[in-house]
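One-letter residues, chain by chain:
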Amino acid sequence: MTVTQRSIRVDVWFFTVFDPGLRIDSTFPTSVPVGIGDPTISITGAGLDGADVVALVTNGNLQPLAVLSPTSATTANLTLPSSVLGTPGNFSILLKHADPTLGSSVFFDFFIGPRIDTLGDSSAPVGSENVTVVIAGEGFKNAPLNTTVIRVNGVDSQTTFVDATHVTATLPAVALAAPGTLQLTAFNPRWNAGSNILPFFVTPVASPIDSIDAVTVVEPLVTTVDTTGTGGETLEATTGEGTGTVAVANYDGAPGGVTPATFSAANGYFDVYVAPESTFGTTTITYCDPLGGTALYWSPDGGLNWDFIENVTLLAATPPATCLQFTVGSDPSVHPNIFDLGGTAFAVTAGPVIEGPAVSPSLVPVGTAVVLSATFSDLDLPDDSHSWTIDWGDETVTEGVALSAVISDSHEYLESGVYRVMLRVTDEAGAYDEEQYEHIVVYDPSAGFVTGGGWITSPVGAYAPDPSLTGQATFGFVSQYKKGANVPTGNTQFQFHAAGLDFKSTSYDWLVVAGAKAQYKGFGTINGSGNYRFMLTAIDGNELGVGKPDTFRIRIWDAESDLPVYDNQLGVDENADPTTALGGGSIVVHKK
């Protein structure tokens, strides 16, 4: 028997069912640089909250699944795995239902562009002619219809391909005609895919960049970029959450070419750049200089003019080094703001630093003069000039010119009260330092005295050893000046029953009575022992009008450690009016 074998050809066809209700319309960004990790992109479309699976397809091959996080039916965030971003080119995004019979979306193409890492030169003086820059990165191409080109502010420049990780670009003279910051990107035309951004600084004169660093992020992140100069100065910028490019650079001299006359002890110059399309919102800048410097300026015109920056924080540093920190926000009426950081020059220079001040005496009767004295230092001395102002806290301000590093002035208070005094010293360039003295107590022995007794409901947080405790607290007190005395006498008792706290005064420092308000300070014990300070503030509601409540506050703290024990108005300025109304009892401010 003869057996004949025959081959039978079976063709199997795979059909993709497309769901018109599941759709991708656009992505942001439209491309990402090669090899940047696991970026998250935003997509818009339809039915996105119904997609169960996101497939990525490259050259017909299924890649690892991506993670889709819908925010609505029309918007979602898509995290791309780094495994699909290793080579410039493109891949397709396909949204699918877990049930294949429900169909999938139409393929949507996404592109991977080149990446630029460093520039051989990061700056050039204004007016330079056709500067050639070596650019290192990844994913550069040299193929028909797909040769990498470097764009300067979005305009193609003359680009020479060296290899897959290097190109050279010629920056045209027209781009270097004015001070500013240029945005350099690499672009692969076949896939319409661009790179991250690196800044190139055009400075008013030859003032080379000492060190530079830049970061581009394509997903909302808090981003930090930092660099260290050859002199040991460090510069760091930390953005708020957002996307875009941020760069920092240390200058090797004044970017304007001439150190301003008022910067006689200038220490450092730096630059911070946030690309215009960035969405960070805020940027916190920290600059540390081993040579010191306490005043910070910014230049709106590349180093020709300088404006003093207020609200700068001096961080802890080992002298003579200093660290300055400040935050720029998005309020366009406050400068510098984040929109000003288009390659903005900053200068750290010497400024005045107040030592003190001291006031003597700090406890006086009405009509007695007090004297404020202070010294200040400045690296610019003796070449700089300084002026001073003193705000005495009673709507009186005195001012003068500092003929030396010592300041002294006197003032006489006409009303009793507790006053804060603010001293400001300003140098020729507008840099200033200010220090506050707390407190000057002005009393009037003839103004009256105060008595009170009753209870309050102690609020949560008042008792420091156990902030959860609350409940009834009782008190009784009297404070007055005896005839001819300049120290008040009396007795104060306060009990917070839930905590087992029994406070009794042992002595008073001073008493101030002003209208309906009385305030006094002294020492006492808790449960019969220890050494504690206290301050009691009370308001007689009847003095304010019919139906106004009596209010009470007491602060108690350890006299040695200054650690708080009790405060029924915790976190509020100690001289603020009390707001805790009595649950029972009364407070009376007696007039003499």
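In this text, all values refer to a predicted model and were calculated from it rather than measured experimentally. (Residues numbered from 1 in each chain as written. Predicted model: local features only at pLDDT ≥ 70, side-chain atom pairs only at ≥ 80, totals over all residues. Heavy atoms only, no water.)

**Section: the overall build of the protein**
In step 1: Each helix and strand counted, the protein has zero helices and 48 strands in total.
In step 2: Since a compact globule built from 592 residues should have a radius of gyration of about 25 Å, the 35 Å found for the protein marks it as more spread out than a globular shape.
In step 3: Dimensions of the protein, computed from C-alpha atoms along their principal axes, come out at roughly 135 × 75 × 40 Å.
In step 4: Of all 592 residues assigned to the protein, the portion counted as buried reaches 46%.
In step 5: In the protein, the share of contacts with a sequence separation of at least 24, taken over all contacts with a separation of at least 6, comes to 60%.
In step 6: Accessible surface for the protein amounts to roughly 27,400 Å². Of this, 53% is attributable to carbon and sulfur atoms.
In step 7: Positive and negative side-chain charges in the protein, numbering 21 and 62 respectively, have mean positions lying 12 Å apart. (Helix = DSSP H or I, 4+ residues; strand = E, 2+ residues; numbered from the N terminus. Rg over C-alpha atoms; globule rule 2.2 N^0.38 Å. Buried < 20%, exposed > 50% of the residue type's maximum accessible area, 1.4 Å probe, protein only. Contact = heavy atoms within 4.5 Å. Areas by Shrake-Rupley, 256 points an atom, 1.4 Å probe, with all protein chains shown as cover. Lys, Arg positive; Asp, Glu negative; His and termini not counted. Charge placed at Lys NZ, Arg CZ, Asp CG, Glu CD.)

**Concerning the sheet that holds strand S36 (residues 406–412)**
In step 1: Ordered by their spatial adjacency, three strands build an open sheet running S31-S33-S36, and the pairing between neighbours is antiparallel. Looking along the sheet, the strands with just one partner apiece sit at the ends: strand S31 (353–360) and S36. Strand-to-strand twist of the sheet, defined as the mean angle between neighbouring strand axes without regard to direction, takes the value 20°. (Pairing = 2+ DSSP bridges. Axes fitted to C-alpha atoms, helices over the stretch in contact; angles between N-to-C directions.)

**Description of the confidence of the model for the protein**
In step 1: Averaged over the protein, the pLDDT score is 86; the fraction of residues at 70 or greater is 92%.
In step 2: Long-range and interchain partners of residues 1–15, a stretch whose pLDDT sits below 50, account for zero contacts in this model, where long-range means more than four residues apart. (pLDDT = per-residue confidence, 0-100.)

**A short note on the nonpolar core**
What tends to happen in soluble globular proteins is that the nonpolar side chains get buried as a cluster.
In step 1: Ranked by size, the top nonpolar core spans 37 residues in total, and within it Phe477, Phe494, Phe552, Ile556 and Tyr566 carry the most contacts.
In step 2: Top contributing element to this core by residue count: strand S42 (residues 501–514), with seven residues.
In step 3: The residues touching tyrosine 566, leaving out its near neighbours within four places in the chain, are Ile456, Ser458, Pro459, Ala462, Tyr463, Phe494, Phe496, Leu501, Ile554, Arg555 and Ile556.
In step 4: Judged by nonpolar contacts, the second largest core, of 24 residues, contains Ala76, Leu78, Ile93 and Phe108. (Core = buried A, V, L, I, M, F, W, Y, C linked by side-chain atoms within 4.5 Å.)

**Some points on the pattern of salt bridges**
In step 1: Using the criterion set out here, one finds eleven salt bridges in the structure.
In step 2: Among the ionic pairs, arginine 151 bridges to aspartate 156, the shortest N-O distance being 2.8 Å.
In step 3: Classification of arginine 151 by relative accessible area gives partly exposed; the value is 23%.
In step 4: The partly exposed category is assigned to aspartate 156, whose relative accessible area is 47%. (Salt bridge = Lys/Arg side-chain N within 4 Å of Asp/Glu carboxyl O.)

**Describing the packing of aromatic side chains**
In step 1: For the structure on display, the rule yields 21 aromatic pairs.
In step 2: Both rings, one in phenylalanine 477 and one in phenylalanine 552, keep their centres 6.3 Å apart while their planes meet at 25°; by these two values the pair is stacked. A residue pair is termed long-range when its members are at least 10 positions apart, and phenylalanine 477 in strand S40 (residues 471–480) and phenylalanine 552 in strand S45 (residues 551–558) qualify at 75 residues. By the burial criterion, phenylalanine 477 is buried, and phenylalanine 552 matches it.
In step 3: By way of ring pairs, the aromatic residues Tyr463, Phe475, Phe477, Phe494, Phe496, Phe503, Tyr508, Tyr520, Phe534, Phe552 and Tyr566 are connected into one cluster.
In step 4: Across from the ring centre of phenylalanine 187, 3.7 Å away, lies the NZ or CZ of arginine 151, which sits over that ring.
In step 5: Here the guanidinium or amino end of arginine 424 rests over the ring plane of tyrosine 432, the centre of that ring lying 3.7 Å away. (Phe/Tyr/Trp six-rings, centres within 6.5 Å; stacked < 30°, edge-to-face > 60°. Lys NZ or Arg CZ within 6 Å of the ring centre and 35° of its normal.)

**Considering unusual backbone geometry**
Among all residues except glycine, the phi angle is most often negative; among peptide bonds, the trans geometry is most common.
In step 1: That bond from phenylalanine 28 to proline 29 is cis: its omega, -5°, falls within 30 degrees of zero.
In step 2: Cis geometry is found at the peptide bond from serine 360 to proline 361, where omega equals -15°.
In step 3: Turning to its location among the elements, proline 361 is positioned in the loop between S31 and strand S32 (363–365).
In step 4: The phi torsion at asparagine 311 lies on the positive side, around 60°, for a residue other than glycine.
In step 5: Looking at the element boundaries, asparagine 311 is found in the loop between strand S27 (307–308) and strand S28 (313–315).
In step 6: Phi is positive for glutamate 395, close to 70°, though the residue is something other than glycine.
In step 7: Residue class for glutamate 395 comes out exposed when judged on its relative accessible area of 82%.

**Comments concerning the state of the cysteines**
In step 1: For the structure shown, the criterion picks out one disulfide.
In step 2: Residue pairing for cysteine 288: its cysteine sulfur links by disulfide to cysteine 323, the two sulfurs lying 2.1 Å apart. Residues cysteine 288 and cysteine 323 are joined by a disulfide whose S-S torsion is about 115°; by sign, that bridge is right-handed. Note that cysteine 288 is positioned in strand S25 (residues 283–289) and cysteine 323 in strand S29 (residues 322–328), a separation of 35 residues in sequence. Cysteine 323 carries the same exposure label as cysteine 288, and that label is buried. (Disulfide = S-S within 2.5 Å.)

**Considering the sheet that holds strand S37 (residues 417–427)**
In step 1: The sheet built from five strands is open, its strands ordered S32-S38-S37-S34-S35 with mixed pairing. A strand with exactly one partner marks an edge of an open sheet, and here the two such strands are S32 and strand S35 (397–402). If you compare each strand with its neighbour and ignore which way they point, the axes differ by 25° on average.

**What about the environment of serine 123?**
In step 1: Its location among the elements puts serine 123 in strand S11 (residues 123–125).
In step 2: Judged by relative accessible area, which is 16%, serine 123 ranks as buried.
In step 3: Sequence spacing of serine 123 and phenylalanine 200 is 77 residues, and the spatial spacing of their C-alpha atoms is 5.5 Å.

**Some remarks on the environment of threonine 470**
In step 1: For threonine 470, the position within the fold is in the loop between strand S39 (449–458) and S40.
In step 2: Each C-alpha atom, one on threonine 470 and one on tyrosine 566, is 12 Å from the other, the two residues being 96 residues apart in sequence.
In step 3: Leaving out residues up to four positions away in the same chain, threonine 470 has contacts with Thr457, Ser458, Pro459, Val460, Phe496 and Ala498.
In step 4: Among the polar contacts made by the side chain of threonine 470, one reaches the main-chain carbonyl oxygen of serine 458 at a distance of 2.5 Å. (Polar contact = N/O pair within 3.5 Å; in protein donor to acceptor, adjacent residues only side chain to side chain.)

**A word on the side chain of serine 122**
In step 1: Relative to the helices and strands, serine 122 is located in the loop between strand S10 (115–119) and S11.
In step 2: You can call serine 122 buried: its relative accessible area is 11%.
In step 3: Apart from the residues within four sequence positions on either side, serine 122 is in contact with Pro199, Phe200, Phe201, Ile209 and Ile212.

**Brief notes about the environment of threonine 170**
In step 1: Considering the arrangement of structural elements, one finds threonine 170 in strand S16 (residues 166–171).
In step 2: Judged by relative accessible area, which is 18%, threonine 170 ranks as buried.
In step 3: For the pair threonine 170 and valine 152, spaced 18 residues apart in the sequence, the C-alpha separation amounts to 9.5 Å.
In step 4: Not counting chain neighbours up to four residues away, the residues in contact with threonine 170 comprise Asn130, Val131, Thr132, Ser157 and Gln158.
In step 5: Looking at threonine 170, its side chain comes within polar contact range of the side chain of threonine 132, at 3.5 Å.

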